[in-house]
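# Examination of the molecular architecture
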Amino acid sequence: MLEELFFILGIVNNLFLIYIFLIREKMATLKKVGKFYFILAIPAVYGILLVQQEHKTVRYTVFLGIFLAFLALEFLYDFILKIPFRENLKKHWKPAIPYLALYYAMNYGFVVMVWKNYSQIGGAIMLGLLIIQIIVNMSTHNLKNTDKTP
């Protein structure tokens, strides 16, 4: 059951991020959708419990922990500290480093763990969604806004 949960969580995460990148310019919609993104913490915590219950490899706990850390950092930056690091990377490069490290580690985990422990087809689906996610992210970044200096 853990492998299926991990696979579905990875798909939903990728679809959320693709949609978030597509609506990046519509701030009102983005704030509403962004709040729902954090609900993914619930199945991630449940997945960690399943790792213990099903006596699965600790790697699942590690990657689910990375995913939860990514969600926590996202919440901290966006809703508590309100750090606009996406809009001004030159000024806010320090908080962007751990954020990006967790972002890439989380995505790596969803692809590799599914590929190795669930199915190669599932891993290929995850890899395809990640590629789409990265393309959409890059295509919707406004580089003029990213490099603003105050």
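Residues numbered from 1 in each chain as written. Predicted model: local features only at pLDDT ≥ 70, side-chain atom pairs only at ≥ 80, totals over all residues. Heavy atoms only, no water.

Locating Met113 in the fold gives a position in helix α5 (residues 93-117). A relative accessible area of 3% means that Met113 is categorised as buried. The sequence separation of Met113 and Trp93 amounts to 20 residues, and the corresponding C-alpha distance is 30 Å. In this structure Met113 touches Phe6, Thr57, Arg59, Tyr60, Phe63 and Tyr118, once residues within four positions along its chain are discounted. (Helix = DSSP H or I, 4+ residues; strand = E, 2+ residues; numbered from the N terminus. Buried < 20%, exposed > 50% of the residue type's maximum accessible area, 1.4 Å probe, protein only. Contact = heavy atoms within 4.5 Å.)

For the rest of this paragraph, the subject is the pattern of salt bridges. Summed over all chains, the structure comprises one salt bridge. The residue Lys56 makes a salt bridge to Glu3 at a minimum N-O spacing of 3.0 Å. Placement of Lys56 in the loop between α3 (41-54) and α4 (58-80) and of Glu3 in helix α1 (residues 2-22) is noted, with a sequence separation of 53 residues between them. (Salt bridge = Lys/Arg side-chain N within 4 Å of Asp/Glu carboxyl O.)

This part is about the confidence of the model for the chain. Mean pLDDT for the chain: 88, with 93% of residues reaching 70 or above. The least confident element of the chain is helix α7 (residues 143-146), whose mean pLDDT is 49; the most confident is α3, at 96. Taken as a whole, residues 145-150 scores under 50 in pLDDT and shows 15 contacts with residues more than four places along the chain or in a different chain. (pLDDT = per-residue confidence, 0-100.)

Relative to the helices and strands, Asn13 is located in helix α1. Here Asn13 falls in the buried class, since its relative accessible area comes to 0%. Of note is the side chain of Asn13, whose polar atom sits 2.5 Å from the side chain of Tyr37. (Polar contact = N/O pair within 3.5 Å; in protein donor to acceptor, adjacent residues only side chain to side chain.)

To continue, consider the packing of aromatic side chains. Scanning the model with the defined rule gives 14 aromatic pairs in all. The interplanar angle of 25 degrees and the centroid separation of 4.9 Å between the aromatic rings of Phe7 and Tyr118 together place this pair among those described as stacked. Linking Phe7 in helix α1 with Tyr118 in the loop between α5 and α6 (120-140), this pair joins segments that are 111 residues apart in sequence. Overall, the relative accessible area of 12% leaves Phe7 in the buried class. On the basis of an interplanar angle of 75 degrees and a centroid distance of 5.6 Å, the ring pair of Phe38 and Phe79 is categorised as edge-to-face. Of this pair, Phe38 sits in the loop between α2 (27-37) and α3 while Phe79 sits in helix α4, and the two are 41 residues apart along the sequence. (Phe/Tyr/Trp six-rings, centres within 6.5 Å; stacked < 30°, edge-to-face > 60°.)

This brings us to unusual backbone geometry. Despite not being glycine, His55 shows a phi value in the positive range, around 55 degrees. Position of His55 relative to the elements: it lies in the loop between α3 and α4. Overall, His55 belongs to the exposed group, its relative accessible area being 71%.

It is worth spelling out the nonpolar core at this point. Counting residues in hydrophobic clusters, the biggest one holds 43 residues, and the most contacted among them are Phe6, Tyr37, Phe67 and Met106. Counting only elements with at least two residues in this core, the list comes to α1, α2, α3, α4, α5 and α6. Of the residues forming this core, the biggest block, ten residues, is contributed by α1. Once you skip the residues sitting within four places of it in the chain, Tyr37 turns out to touch Asn13, Phe16, Leu17, Ile20, Phe67, Phe70 and Leu71. (Core = buried A, V, L, I, M, F, W, Y, C linked by side-chain atoms within 4.5 Å.)

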